[in-house]
Amino acid sequence: MSTELKPAARPGAGAPRGGGRRKLTYPVVLLIVAGAIVAVSLLRVVTGTDDLTSAGQFSAALAAATSIGLAGLGGLWAERAGVVNIGLEGMMMLGSFAAGWIGWQHGPWAAAAVGILGGALGGLVHAIATVSFGVDHIVSGVAVNILALGATQYLATLWFGAEGSAAMQAGGNDKQSPPMADMPTFTIPGLSDALQSLESHHWFLVSDVAGILGGLVTNVSWLTVLAVLLFVGTFYLLWRSSFGLRLRSCGEAPVSAESLGVNVYTYKYAAVLVSGALAGLGGAFLSISTHFFQDGQTGGRGYIGLATMIFGNWRPGGVAMGAGLFGFMDAMQLRSGGPTVHALLLGLAALLAVLALLRLRAAKRTQAAVAGVAAVLLVLWYFLTDVVPLELVEASPYIATLLVLALFAQRLRPPKANGKPYRRGQGT
């Protein structure tokens, strides 16, 4: 009798009815997205904050979401194989530094390739520690972050800030690399101009949709296109192939997978290496988009990427949605600052009011009361002030991360063996 693992059937095929939570289908997801667009459009009209749905805002959000999404996708690969990867931030640092080091000499495409290698190096260190030596995954990830921070700062001083070096003469110093050439972008001619014209009228919903679409077809980096293809490829590879089934079995039941002939160590190594490579590409994207490596450039985006993975319930589509949300918040605080964040206070109040009604309907009165009081306070804050303090504006992406995780934590389903130690032959 053959014991080879085979790809899983399509979702819903032969599944029992009536049990478990209802899965989000594509029509439902599209309805949620449409409802969100209508809500944001209404918020723009009420508050008069036109930049909320402008093409510039969504173009910046797409760029911010690319690096965060790549980090989240990297976390997904590792954790689907059962390895917790807290070291995403450090792997992004290594990718960012490697891209800055090579980019000023050989251009942005070489920078992207070397950034992938830099992140994969961090992934290899994490894999050796956790898979081969059984080090606690959290401890190893934190160590990778610390080592990456120290290594990039030391090497930046040595290579970019050396007195009289070619790097210093080209504009580098001990905190940043010399500038590199631009990464090519593309704009869909005709469509971009038409959408820009529609957006300028500030019509309800129509101009908002035009602004959103305009941001997605104007000055888009080819690395962003590559990131989209990586998300699609990840879905088909992990959920539609024998390789993906074996890899995911290592994160669900490694002992059972080993009994069926799966080399669990090999799959865990492969997953963590891919995880580091994706995070490294996310870090390289930061260096390429700003034209140089800079100390502290990742700014916690590796941790936000980890949050997108959790928010997305360890699925590529969910990670993409989470990256879009956090990318929007990140771009908003960089572009518009106080006024736009101030407008979102009213939107957050409405969201909390809906949450309070849902909790009340579920007979969870304490949670309903907390959400209702918070909604009232946000409404008062909005009407009694004109702008949000700069400190809160800068912290808005991290506050959004905490809020989203707090609201969705109860609906998460991580891989069963995620983070648990595994030794070859332990089931015998």
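For the structure itself, consult the block above.
Remember, it's a predicted structure, so these values are computed and weren't measured experimentally.

Rules and cut-offs
- Residues numbered from 1 in each chain as written.
- Predicted model: local features only at pLDDT ≥ 70, side-chain atom pairs only at ≥ 80, totals over all residues.
- Heavy atoms only, no water.
- Helix = DSSP H or I, 4+ residues; strand = E, 2+ residues; numbered from the N terminus.
- Buried < 20%, exposed > 50% of the residue type's maximum accessible area, 1.4 Å probe, protein only.
- Contact = heavy atoms within 4.5 Å.
- Areas by Shrake-Rupley, 256 points an atom, 1.4 Å probe, with all protein chains shown as cover.
- Lys, Arg positive; Asp, Glu negative; His and termini not counted.
- Charge placed at Lys NZ, Arg CZ, Asp CG, Glu CD.
- Salt bridge = Lys/Arg side-chain N within 4 Å of Asp/Glu carboxyl O.
- Core = buried A, V, L, I, M, F, W, Y, C linked by side-chain atoms within 4.5 Å.
- Phe/Tyr/Trp six-rings, centres within 6.5 Å; stacked < 30°, edge-to-face > 60°.
- Axes fitted to C-alpha atoms, helices over the stretch in contact; angles between N-to-C directions.
- Parallel < 35°, antiparallel > 145°, perpendicular 65-115°, else oblique.
- Left-handed = near helix turned anticlockwise from the far one by under 90°.
- Nonpolar A, V, L, I, M, F, W, Y, C, P; charged D, E, K, R; others polar.

### Things to note about the overall build of the chain
Working step 1: On a plain count of helices and strands, the chain comes out with 17 helices and two strands.
Working step 2: Burial statistics for the chain: of 428 residues in total, 45% are counted as buried.
Working step 3: For the chain, long-range pairs separated by at least 24 residues make up 79% of all intrachain contacts whose partners lie at least 6 apart in sequence.
Working step 4: Carbon together with sulfur atoms contributes 68% to the accessible area of the chain, which is approximately 20900 Å² in total.
Working step 5: Of note, the chain has its 26 positive side-chain charges centred 22 Å away from the centre of its 19 negative side-chain charges.

### A short note on the environment of His 342
Working step 1: The residue His 342 is located in helix H15 (residues 338-361) in this model.
Working step 2: Given a relative accessible area of 7%, His 342 falls into the buried group.
Working step 3: Sequence spacing of His 342 and Val 387 is 45 residues, and the spatial spacing of their C-alpha atoms is 5.6 Å.
Working step 4: Dropping the residues within four chain positions of it, His 342 is found in contact with Trp 381, Tyr 382, Thr 385, Asp 386, Val 387 and Val 388.

### Structural notes on the pattern of salt bridges
Where charged atoms from two side chains of opposite charge come close, those side chains can pair.
Working step 1: Scanning the model with the defined rule gives six salt bridges in all.
Working step 2: Linking Glu 252 and Arg 80 is a salt bridge whose minimum nitrogen-to-oxygen distance equals 3.8 Å. Of this pair, Glu 252 sits in helix H10 (residues 242-252) while Arg 80 is found in helix H2 (residues 55-80), placing the two residues 172 residues apart along the sequence.
Working step 3: The class of Glu 252 is partly exposed, set by a relative accessible area of 23%.

### Notes on the nonpolar core
Working step 1: Counting residues in each nonpolar core, the largest one holds 48 residues, and the members touching the most others are Leu 76, Trp 77, Leu 223, Leu 238, Leu 247, Ile 288 and Met 309.
Working step 2: Looking at this core, the elements with two or more residues in it are H2, helix H3 (88-106), helix H4 (108-132), helix H9 (222-239), H10, helix H12 (264-290) and helix H13 (301-311).
Working step 3: At 12 residues, the largest contribution of residues to this core is made by H12.
Working step 4: One finds Ile 212, Phe 328, Met 332 and Ala 349 within the second-largest nonpolar core, a separate group that totals 23 residues.

### Focus on the packing of aromatic side chains
What characterises a pair of aromatic rings is the spacing of the ring centres plus the angle enclosed by the ring planes.
Working step 1: This structure, assessed with the given rule, holds 13 aromatic pairs.
Working step 2: Geometrically, the ring pair formed by Phe 97 and Phe 160 is tilted, given 5.5 Å between the ring centres and 40° between the ring planes. Placement of Phe 97 in helix H3 and of Phe 160 in the loop between helix H5 (137-159) and helix H6 (166-169) is noted, with a sequence separation of 63 residues between them. For the pair Phe 97 and Phe 160, a shared accessibility class is recorded, and that class is buried.
Working step 3: Between the aromatic rings of Phe 235 and Tyr 236, the centroid separation amounts to 5.3 Å while the plane-to-plane angle is 80°, which identifies the pairing as edge-to-face.
Working step 4: Connected via pairs of aromatic rings, a cluster forms that spans Phe 97, Trp 101, Trp 159, Phe 160 and Phe 293.

### Comments concerning the packing of H2 against H9
Working step 1: One way to put it is that H2 packs onto H9 with a least axis distance of 10 Å and a crossing angle of 25°. Here H2 lies roughly parallel to H9, going by the angle between them. The handedness of the crossing between H2 and H9 comes out as left-handed. Packed against H2, whose contacting residues are Leu 62, Thr 66, Gly 69, Leu 70, Leu 73, Leu 76, Trp 77 and Arg 80, the element H9 presents Leu 223, Thr 224, Ala 227, Leu 230, Phe 231, Thr 234, Leu 237, Leu 238 and Trp 239 at the interface.
Working step 2: Of the residues in the contact of H2 with H9, the class split is 12 nonpolar, four polar and one charged.

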